[in-house]
Amino acid sequence: MKNAIMFYYDFLEPSIYRWQQKIYIRNKKEKYLFQPIYSEKEIMEIYNLVRNNNKYYEFVLNKFNNLITIYNGNKYVLLKINREDRNYQEELFTKEYIPISKYNINRDDWYFLWTKKNDYFEYQINHIYGKYPLIDESIDYFLGMAETAISYLKYNDIKAENNTKNLTICHKRIVPEDFYNPVNLVIDTKERDIGEYLKYIFYNKEYNDQKILHIINSYSFSKDGYYRLYARLLYPSYYFDTYEGIINENIKEEKLRPIIERIDEYEVFLNKIYNIISKKMEIKKIDWLQKNK
């Protein structure tokens, strides 16, 4: 890999190291991330959206003036990491307006995406039953949570076509070390980022009642926005991300255990957030969650 980096980017003596399954490069005093990508269309959209925005890691073209570099049959982009000392929490609630257009990286139709994914998981689980005991014991609960999130959108008439004026630059997931990585970006409503941040602080045990209240008070939601936020919290993205990592043999099955063991705590967490929201605006409650508090 070192020879390829030197050839494509005219680096003299780069040092290359891996950390948390990522490839980092040091060249002189600069730090870079050699990032794999899976969709040229999506990465070109992201490049065009943020290339003049110095908030995110900077895309570096190779010596052939190409954004994408092929190495061992895989596609990569090189990202220059700038200003690592920034506090992403201060920027989490900023809405970055985008040009009105159709985007391949648009992820705002949660009903369609979640329904499609649930159907796939239900099909897949029949073919792997017995291989992963922790998945076997937990998958029905989390598929049920996903169905609850899907139904919550449907019965409250929350449709993607109503989001046209509310779309902004968001993140696939809120992970502090990837917050400024443009490959982590999607187009969606801001409720995505705020919901995923609330899940992040829960699963990393960084939450308390005051912090939850501050987060929800830090953004101005419409009624549909509160519904979308709560649906996003109901959807178990942390579980499914881990599940897919296990199935793809990138993550050990034991990574599921902390998520499974905190099911009851997360239900209490959901009730806390519902109670905060309901004091601001009346939204439909989830009956079975209220009974379990």
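What you see is a predicted model, and the numbers here were worked out from it, not measured in a lab.

### Things to note about helix α9 (residues 237-247)
In an α-helix, one turn spans 3.6 residues; hence positions three or four apart end up facing the same way.
Phase 1 of the analysis: Taking burial as the measure, the 11 residues of α9 include eight buried ones, the bulk of the element.
Phase 2 of the analysis: Considered for burial, the residues of α9 that qualify are Ser237, Tyr239, Phe240, Thr242, Tyr243, Gly245, Ile246 and Ile247.
Phase 3 of the analysis: Its buried side turned inward, α9 meets α4 (110-128), α5 (133-155), α6 (191-203) and α10 (257-261).
Phase 4 of the analysis: Within two residues after α9, Glu249 carries a phi angle of roughly 65°, on the positive side.

### Focus: a negative patch on the surface
Phase 1 of the analysis: Among the surface-exposed residues, Asp119, Glu122, Asp140 and Glu147 lie close enough to one another that they form a single negatively charged patch.
Phase 2 of the analysis: Those elements giving two or more residues to the negative patch turn out to be α4 and α5.
Phase 3 of the analysis: Among the secondary structure elements, Asp140 is positioned in helix α5.
Phase 4 of the analysis: Assessed through its relative accessible area of 61%, Asp140 is described here as exposed.

### A short note on the packing of α4 against α9
Phase 1 of the analysis: It is the contact of α4 with α9, at a shortest axis distance of 13 Å, that shows an interaxial angle of 40°. In terms of their interaxial angle, α4 and α9 are classed as oblique. Judged by the sense of rotation from one axis to the other, the crossing of α4 with α9 is left-handed. Where α4 abuts α9, its residues Lys117, Asn118, Phe121, Gln124, Ile125 and Ile128 lie against Phe240, Tyr243, Glu244 and Ile247.
Phase 2 of the analysis: A breakdown of the residues in the contact of α4 with α9 according to their chemical character gives six nonpolar, two polar and two charged.

### Some remarks on the pattern of salt bridges
Phase 1 of the analysis: Under the defined criterion, the tally for this structure stands at 19 salt bridges.
Phase 2 of the analysis: Its salt-bridge partner being Lys55, residue Glu91 comes within 3.6 Å of it at the nearest N-O pair. Pair noted here: Glu91 is in helix α3 (residues 88-91) and Lys55 is in the loop between α2 (40-50) and β4 (58-60), with a separation of 36 residues, a long-range link.
Phase 3 of the analysis: Lys55 sits in the buried class, given a relative accessible area of 13%.
Phase 4 of the analysis: Notably, a salt bridge pairs Glu265 with Arg262, separated by 2.9 Å at the nearest N-O pair.
Phase 5 of the analysis: According to the relative accessible area criterion, Arg262 is buried, its value standing at 8%.

### Remarks on the packing of aromatic side chains
Phase 1 of the analysis: Following the criterion strictly, the structure yields 34 aromatic pairs and no others.
Phase 2 of the analysis: When the centroid spacing of 6.1 Å and the interplanar angle of 75° are considered together, the rings of Tyr8 and Phe64 count as edge-to-face. With Tyr8 in helix α1 (residues 2-9) and Phe64 in the loop between β4 and β5 (69-71), this pair connects stretches of sequence that are 56 residues apart.
Phase 3 of the analysis: We classify Tyr8 as partly exposed; its relative accessible area is 22%.
Phase 4 of the analysis: Residue class for Phe64 comes out partly exposed when judged on its relative accessible area of 47%.

### Details of the side chain of Glu96
Phase 1 of the analysis: By the secondary structure assignment, Glu96 is in the loop between α3 and α4.
Phase 2 of the analysis: A distance of 3.0 Å separates a polar atom in the side chain of Glu96 from a polar atom in the side chain of Asn53.
Phase 3 of the analysis: Apart from residues no more than four positions distant in its own chain, Glu96 is found in contact with Asn53, Lys55, Tyr56, Thr168 and Ile169.

What counts and how
Residues numbered from 1 in each chain as written. Predicted model: local features only at pLDDT ≥ 70, side-chain atom pairs only at ≥ 80, totals over all residues. Heavy atoms only, no water. Buried < 20%, exposed > 50% of the residue type's maximum accessible area, 1.4 Å probe, protein only. Helix = DSSP H or I, 4+ residues; strand = E, 2+ residues; numbered from the N terminus. Contact = heavy atoms within 4.5 Å. Patch = residues over 30% accessible without salt bridge, like charges linked within 9 Å, V, L, I, M, F, W, Y side chains within 5 Å. Areas by Shrake-Rupley, 256 points an atom, 1.4 Å probe, with all protein chains shown as cover. Salt bridge = Lys/Arg side-chain N within 4 Å of Asp/Glu carboxyl O. Lys, Arg positive; Asp, Glu negative; His and termini not counted. Charge placed at Lys NZ, Arg CZ, Asp CG, Glu CD. Axes fitted to C-alpha atoms, helices over the stretch in contact; angles between N-to-C directions. Parallel < 35°, antiparallel > 145°, perpendicular 65-115°, else oblique. Left-handed = near helix turned anticlockwise from the far one by under 90°. Nonpolar A, V, L, I, M, F, W, Y, C, P; charged D, E, K, R; others polar. Phe/Tyr/Trp six-rings, centres within 6.5 Å; stacked < 30°, edge-to-face > 60°. Polar contact = N/O pair within 3.5 Å; in protein donor to acceptor, adjacent residues only side chain to side chain.

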